[in-house]
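Listed below are the residues making up each chain.
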Amino acid sequence: METKILKPTDENIEIAAKIIAEGGLVAFPTETVYGLGADAMNAEAVGRVYEAKGRPSDNPMIVHIARASDIGQLTPMLSSTIVTLIENFWPGPLTLVVKKKPGVPDRTTGGLDTVAVRMPDSEIALKLIELSGCPIAAPSANLSGSPSPTRAEHCIDDLNGRVDCILEGPDCRVGIESTVLDVTGDVPTILRPGIITAESIEAALGKKVEYDKSLFARPEARPSGAPLDAGFSEDFKPKSPGMKYKHYAPKAEMIVVEGMRDNVKKEIERLRVLNEQIGNNVGVLLFEEKAFIEAAHEFFADLRDLDKQGVDLILAGALSDTDGVGFAVMNRMLKSAGYNIVKV
Ligand code: AMP
Ligand code: MG
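Residues numbered from 1 in each chain as written. Chains lettered and ligands numbered in written order. Predicted model: local features only at pLDDT ≥ 70, side-chain atom pairs only at ≥ 80, totals over all residues. Heavy atoms only, no water.

### A short note on the pairing of strand S12 (residues 253–258)
Pairing of S12 with strand S14 (residues 313–317), which is carried by 5 bridges, proceeds in the parallel orientation. Opposite Ile 255, over in S14, you have Leu 315 as the bridge partner. (Pairing = 2+ DSSP bridges. Helix = DSSP H or I, 4+ residues; strand = E, 2+ residues; numbered from the N terminus.)

### Some points on the sheet that holds strand S13 (residues 282–285)
The 4 strands are arranged S13-S14-S12-S15 in an open sheet whose pairing can be described as parallel. With partners counted over all chains shown, the strands left at the sheet margins are S13 and strand S15 (341–343), one partner each. Across the sheet, the axes of successive neighbouring strands diverge by a mean angle of 20°, strand direction being ignored. Both S12 and S15 contribute to a ladder of 3 bridges, which runs parallel. Residue pairing in the sheet places Val 257 in a bridge with Val 342 of S15. This element, helix H10 (residues 325–336), spans S12, S14 and S15 of the sheet and lies at about 135° to S12. (Axes fitted to C-alpha atoms, helices over the stretch in contact; angles between N-to-C directions. Contact = heavy atoms within 4.5 Å.)

### Here we look at the side chain of Thr 150
Inspection of the secondary structure puts Thr 150 in the loop between strand S7 (136–137) and helix H6 (152–159). A relative accessible area of 2% means that Thr 150 is categorised as buried. (Buried < 20%, exposed > 50% of the residue type's maximum accessible area, 1.4 Å probe, protein only.)

### A look at the nonpolar core
Formed by 48 residues in total, the largest nonpolar core has its most connected members in Leu 36, Leu 85, Trp 90, Leu 94, Leu 96 and Ile 201. Elements supplying a minimum of two residues to this core: strand S3 (35–39), helix H2 (43–53), helix H3 (80–89), strand S5 (94–99), strand S6 (114–118), H6 and helix H7 (198–205). With 5 residues, the top contributor of residues to this core is H2. When neighbours within four sequence positions are excluded, Ile 201 is seen to be in contact with Leu 85, Phe 89, Leu 94, Thr 179, Leu 181, Ile 190, Ile 196 and Val 209. Judged by nonpolar contacts, the second largest core, of 29 residues, contains Phe 300, Leu 319, Val 329 and Met 333. (Core = buried A, V, L, I, M, F, W, Y, C linked by side-chain atoms within 4.5 Å.)

### A few points about the state of the cysteines
What is meant by a disulfide is a covalent connection between two cysteines, made through their sulfur atoms. By the definition in use, this model includes 0 disulfides. Sulfur of Cys 134: no disulfide; nearest cysteine sulfur belongs to Cys 165 and is 14 Å away. Between Cys 165, a cysteine without a disulfide, and Cys 155, which holds the nearest cysteine sulfur, the sulfur-to-sulfur distance is 11 Å. (Disulfide = S-S within 2.5 Å.)

### Some thoughts on the packing of helix H9 (residues 292–308) against H10
Packing of H9 against H10 leaves a shortest axis separation of 8 Å and a crossing angle of 20°. Judged by the inter-axis angle, H9 sits roughly parallel to H10. Remark: the crossing between H9 and H10 carries left-handed chirality. Here Phe 292, Ile 293, Ala 295, Ala 296, Phe 299, Phe 300 and Leu 303 of H9 lie close against H10, whose contacting residues are Val 325, Gly 326, Val 329, Arg 332, Met 333 and Ser 336. Among the residues making up the contact of H9 with H10, the classes are represented as 10 nonpolar, 2 polar and 1 charged. (Parallel < 35°, antiparallel > 145°, perpendicular 65-115°, else oblique. Left-handed = near helix turned anticlockwise from the far one by under 90°. Nonpolar A, V, L, I, M, F, W, Y, C, P; charged D, E, K, R; others polar.)

### Structural notes on the packing of aromatic side chains
In total, this model carries 5 aromatic pairs according to the counting rule given. Here the aromatic rings of Tyr 211 and Phe 327 are separated by 5.1 Å at their centres, their planes lie at 70°, and the arrangement is edge-to-face. Remark: Phe 327 occurs in helix H10 and Tyr 211 occurs in strand S11 (residues 210–211); sequence separation between them is 116 residues. The burial state of Tyr 211 is the same as that of Phe 327; both residues are buried. Taken together, a centroid distance of 4.9 Å and an interplanar angle of 50° make the contact between Tyr 248 and Phe 300 tilted. (Phe/Tyr/Trp six-rings, centres within 6.5 Å; stacked < 30°, edge-to-face > 60°.)

Printed below as a string of structure tokens:
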């Protein structure tokens, strides 16, 4: 298939919107990462997204809308929790998991009776959705398993020849995927951490939110401050199907080094020197201390850059934050490394 690679001019966004309306696939920028979009209400089109990405079909997609009120096409009723969250965080990187209306295809929701919805904070994305005249189902625009795409070139690397169109927009401002919050139960539950943190959601709602326990199913992923009796278990089934798959993996092997900053630096240096002596090409990923927003912005792009440099081993310094934006980055970092972690 020939992929149209287009600058996001008004004219080209119209062309892309027409492709979506006719059941085709378009990769487009959002503020979080690039999405690979299809008409969310067209099961066949959504099926093509799974094929193009090589994505397991039980992994549901986030449905993107251009106006908050369009959530009414997807869910029957808005609770005061949902309304407050929409008022506070949309447009923005917060995805709400809500009960779905019968008209939303099973392909879009992976057979679940809930649907994940968000309104992105990106002019290009909003124009595209508006002009296509339908909600757009869009997972990240990468091949399943590889690091999420935060620049147009990442989509071109992964999807050229596999999709109808790539809108070549700016680099993504946030750099990691949205926070996914389940608001179908009594207690709002974070299924995937992002830059909208538990703390800011709690401040808006005036009540506690929880993390899905599967986020901590691997003891290594447990924030060091977490109480030991918090009910973490080894085999907890994630509520967010996507969280169980191998994710974000660079081609290189990867080790995460965790501990006090000085010790981390020393251990990375020790590992680097010996690995280079045995002939490995080593890349180091060490963010400024407490620069969590910057780390989120750079993380996936850095993994891809290191892969392009032909690195065999990536040594990454863990971030110290256990609850906020740094925690969201650590969620991705540990998965990228396949939970290959040393504590020093
Ligand atoms: P991606 O679109 O690749 O950023 O992934 C979307 C994430 O949202 C995945 O982790 C999905 O499993 C999750 N998700 C989408 N829809 C639902 C839903 N109805 N319930 C729970 N998680 C969902
Ligand atoms: Mg993804």
